[in-house]
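One letter stands for each residue in the lines below.
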Amino acid sequence: MADTGGFRVLLKALGVGIVGQFTAELCRDAGEPVLAGRVEFFAKVEIILLSLPLIRQILQIAGELAA
């Protein structure tokens, strides 16, 4: 996994998740629950976008094994 950059993607996704959760909690504490929900949503979308290259590699390997 580290050879293909998967570990790097994992660390980036972890960072996005932590920052997104922290920011959402700050928004909730400030009385902005709608904004907190949007921050969490966009953090999740960013994590999915970061993982797309890994998903593509997994599907490619699965296709090669099936053939």
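These numbers were taken from a predicted model, which means no experiment stands behind them.

Caption draft 1: Region of the structure containing the environment of Thr23. Secondary-structure assignment places Thr23 in helix α1 (residues 6-29). Distance from Thr23 to Val39, taken between C-alpha atoms, is 7.2 Å for residues 16 residues apart in sequence.

Caption draft 2: Region of the structure containing the environment of Ala36. In this structure, Ala36 sits in helix α2 (residues 33-66). Exposure remark for Ala36: the relative accessible area of 0% places this residue in the buried category. Once the C-alpha coordinates of Ala36 and Ile61 are considered, the two residues, 25 residues apart in sequence, prove to be 38 Å apart. With residues up to four places along the chain from it excluded, the contact list for Ala36 reads Ala24, Cys27 and Arg28.

The rules behind the values
Sequence positions are assigned chain by chain, starting from 1 and proceeding in written order. With pLDDT at 70 or above as the cut-off, local features in this predicted model cover only qualifying residues; side-chain atom pairs require 80 or more to be listed or tallied, and sums for whole chains, interfaces and linings still use all residues. Note that water and hydrogens are dropped before the side-chain values are worked out from all heavy atoms of the structure. Secondary structure elements follow DSSP: runs of H or I no shorter than four residues count as helices, runs of E no shorter than two count as strands, and numbering proceeds from the N terminus. Buried, partly exposed and exposed residues are distinguished by accessible area as a fraction of the type maximum, computed with a 1.4 Å probe on protein chains only: under 20%, between the cut-offs, and over 50%, respectively. It only takes one pair of heavy atoms within 4.5 Å for two residues to be counted as in contact.

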